[in-house]
Structures are given as structure tokens and as C-alpha cells.
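Listed below, chain by chain, are the residues.
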Amino acid sequence: MNKKFMRFPGGKTKTVTLSYDDAMEEDGKLIGLMEKYGMKGTFNLIPGWFAREGTEYPEGETYRLVSEKKAKEIYNHPLVEVSNHGNCHRYMPTLSQAEMAEDMLSCRKKLEALFDKNIRGMAYPYGWYSKECKEVLSMCGIVYSRTVSGTHNFEFPEDWLEWNPTCHHDDECLMALAEEFVSKKVSENPLMFYLWGHTFEFERNGNWQVIEDFMQKVSGKEDTWYAANMEIYQYVKAYESLDISLDGRRITNPTRIPVWAEIDGKIYEIKDEIIL
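Residues numbered from 1 in each chain as written. Predicted model: local features only at pLDDT ≥ 70, side-chain atom pairs only at ≥ 80, totals over all residues. Heavy atoms only, no water.

## Observations concerning the overall build of the protein chain
Then, in step 1: A tally of helices and strands in the protein chain yields 8 helices and 14 strands.
Then, in step 2: Rg of the C-alpha trace for the protein chain: 19 Å, near the compact-globule value of 19 Å for 276 residues, within the 12% margin.
Then, in step 3: Over its C-alpha atoms, taken along the principal directions, the protein chain stretches across nearly 65 × 40 × 30 Å.
Then, in step 4: A burial count over the protein chain gives 52% of its 276 residues as buried.
Then, in step 5: Pairs at least 24 apart in sequence give 66% of the contacts found in the protein chain among residues at least 6 apart. (Helix = DSSP H or I, 4+ residues; strand = E, 2+ residues; numbered from the N terminus. Rg over C-alpha atoms; globule rule 2.2 N^0.38 Å. Buried < 20%, exposed > 50% of the residue type's maximum accessible area, 1.4 Å probe, protein only. Contact = heavy atoms within 4.5 Å.)

## Structural notes on the layout of surface pockets
Which parts of space are left empty comes out when a probe the size of a water molecule is rolled across the atoms.
Then, in step 1: If you add up the space inside the largest pocket, you get close to 360 Å³.
Then, in step 2: Glu81, Lys117, Asn118, Met230 and Gln234 are, among the 17 residues lining the largest pocket, the residues nearest its centre.
Then, in step 3: Put simply, the parts of the chain that give the lining of the largest pocket at least two residues each are β4 (80-84) and α8 (229-240).
Then, in step 4: Sort the elements by how many residues they give to the lining of the largest pocket and α8 lands first, with 4 residues.
Then, in step 5: Of the residues contributing to the lining of the largest pocket, the split by class is 9 nonpolar, 3 polar and 5 charged.
Then, in step 6: Considering the residues around the second largest pocket, the lining is formed by Lys4, Phe5, Met6, Phe156, Pro157, Trp160, Asn189, Pro190, Val236, Tyr239 and Glu240.
Then, in step 7: Sorting the residues of the lining of the second largest pocket by element identifies β1 (4-7) and α8 as the ones contributing at least two each. (1 Å grid on protein atoms, 1.4 Å probe; cavity = no way out; pocket = protein on both sides within 12 Å on 5 of 7 lines; lining within 4 Å. Points joined across faces, edges and corners; volume = space filled by probe spheres on them. Nonpolar A, V, L, I, M, F, W, Y, C, P; charged D, E, K, R; others polar.)

## Quick look at the side chain of Thr13
Then, in step 1: Note on placement: Thr13 falls in the loop between β1 and β2 (14-21).
Then, in step 2: Dropping the residues within four chain positions of it, Thr13 is found in contact with Arg7, Phe8, Val186, Pro190, Leu191 and Asp223.

## Quick notes on the sheet that holds strand β14 (residues 273-275)
Then, in step 1: Read from one edge of the open sheet, 3 strands run β10-β11-β14, paired in antiparallel fashion. In this open sheet, the two strands that pair with only one neighbour each are β10 (243-244) and β14.
Then, in step 2: When β10 meets strand β11 (residues 250-252), the two strands line up antiparallel, connected through 2 bridges. Bridge pairing in β11 links Asp243 to Thr252. (Pairing = 2+ DSSP bridges.)

## A short note on the packing of aromatic side chains
Then, in step 1: Applying the stated criterion to the full structure yields 20 aromatic pairs.
Then, in step 2: Taken together, a centroid distance of 6.4 Å and an interplanar angle of 75 degrees make the contact between Tyr91 and Trp128 edge-to-face. Taken as a pair, Tyr91 in the loop between β4 and α3 (97-115) and Trp128 in the loop between β5 (121-123) and α4 (131-139) lie far apart in primary sequence, 37 residues in all.
Then, in step 3: Centre to centre, the rings of Trp160 and Trp163 are 4.8 Å apart; their planes meet at 85 degrees, and the pair counts as edge-to-face.
Then, in step 4: Looking at Lys14, its charged tip hangs above the ring of Phe181, at a distance of 5.4 Å from the centre. (Phe/Tyr/Trp six-rings, centres within 6.5 Å; stacked < 30°, edge-to-face > 60°. Lys NZ or Arg CZ within 6 Å of the ring centre and 35° of its normal.)

## A few points about the nonpolar core
Then, in step 1: Of all hydrophobic cores here, the largest spans 54 residues; its most connected members are Met34, Met39, Tyr75, Phe193, Ile211, Phe214 and Met215.
Then, in step 2: Of the residues forming this core, the biggest block, 7 residues, is contributed by α3.
Then, in step 3: Every residue in contact with Phe214, bar those within four places of it in the chain, is listed here: Val16, Leu18, Met39, Leu174, Met175, Ala178, Phe193 and Leu195.
Then, in step 4: The next biggest cluster of nonpolar side chains, apart from the first, holds 26 residues, and it includes Met230, Tyr233, Val236 and Ile270. (Core = buried A, V, L, I, M, F, W, Y, C linked by side-chain atoms within 4.5 Å.)

## Points about the sheet that holds strand β12 (residues 259-263)
Then, in step 1: Here we have 3 strands laid out as an open sheet, ordered β1-β12-β13, and antiparallel in their pairing. Of all strands in the sheet, those bounded by a partner on one side alone are β1 and β13 (266-270). Across the sheet, the axes of successive neighbouring strands diverge by a mean angle of 30 degrees, strand direction being ignored.
Then, in step 2: Taken together, the 5 bridges between β12 and β13 define a ladder with antiparallel strand orientation. Its bridge partner being in β13, Trp260 is matched across the sheet by Glu269. (Axes fitted to C-alpha atoms, helices over the stretch in contact; angles between N-to-C directions.)

This is the structure:
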């Protein structure tokens, strides 16, 4: 074996993922666009902020939180991953470690009970975090957490508890980055476009066309895997867990997740074990 590079399902070389915060009524419209363009995304919810059932918002109000009933209705969707955003969206660096843990565990417990699944991803409230915060999240079972620091690149995080996105949807470089992403040829390491934001911003700014233009640009590509945040995290971890013999001929996959690799120019699917 001379060269080995991770590839996504089917041997794809790129992935696109979305991340949207706060649990807004407008999320339903975004999910509709995801259906239209075959995209997947992660929605970071604040259970302590769910609106009371029957809440009516004044005309023109764009910050419209969903109720618990509505949350269960719109986020139980095959294109959606539910993730944590703090039980009450508290500013993490100002909390004690005990307060951080209480808020995080309350959020997980409520969301896992509501959606009947393990929920171990997160986006930092206000985008702020600290070394101590990351340590607490890890102890609480959180395996990744998104920041708000745009990288303007398509690289994967070195620290999954400090997962920096490519950009926000209002970034003036959005479409230039999208063009660079779709046109870029991949010969070695794969690429990831990670877009984040809040759906109320589209209504507040009157620019829903921004996200539709982006989806039109990056969707439907044969070389791209459209995935939610946790799918990407689990896939990369499965790839990293491959057990390779000293002579490089035997590759064993100890996980339940099939992974793909390009080895010396040839694509392999590794479900359990292959011999080169």
C-alpha cells in the first residue's frame, strides 16, 4: 500500500452538511428545501425555550420558537438530526463546571426523551466555549460541538468539540466558496462544506433566496455525500478505527459502519475485512 485516502459512501470525495440553531418555526420551511434538493442537516434545539402550546406571535415577528409538540412533529424527519444547544442557551464560559453539566445533561435528557434516541451532538450557545467547557461536555457524553468561527475552508476538525464551520449563510463569500467547493478536484483528502445559521434570519433579512441558491449550487453532485453532522462524525471515526496489518495488505473494520477508501487509486468498500 502506497497511498490511502478516506472516501465517503460510494467512493464520494466530498460532503455537505447544514447546522441550524434554536428551534424556530421557520425551520419547517428549511426542511422543505432540504427535501427539494436532497440535503441533510442538524437542528440544535433549546428544550427550555420551547414555546407554550397555542402561542401566537404578532404579525411581523420573525423570532418564533416552536412548541414541544411542533418540535416533535417537524424534526422527526429522515433528513434531520436533532442536536443539543443547551437547555436554556446559557453562556457557557460564565458557568461553573457543575452548572455547565446540569444544563447539558438537562438538555440531553429532555431531547432524548422527546425523540426517543441518543443525542450526543451540540452547537455552543452564542458560539462561546472554553477548555473547561469542552472537558465537561466530554464527561456528559457529547462527542462533537459546533462553534461559530467560519474557516472559509473545507477541512475536517482536529478537535470535534471545536468543530468550526465553513461559513454562515450570510457570509459575503458564501457563493464564491460554493463555486470553489463544487469545482475543486479531489485527488487526496476529501472535502467538507459546513454551513450554519438561524432560519429566522432569512425572514428578518428577506433573503430566503440565499439558501436556495446555495442548495441549487451544491446539490445533486455525483461526487458529494449529503449528511447530517453526526453521520459525518461517526463515519470519520469508523474510518479512523480501521485496523491495518503491518504489511498493509489486510484491513479490518471493527465497527458496524461500512467505510470506503481509495487505496493506490482504487476504491474499496470495507464492511468487515479486505485483503489487498
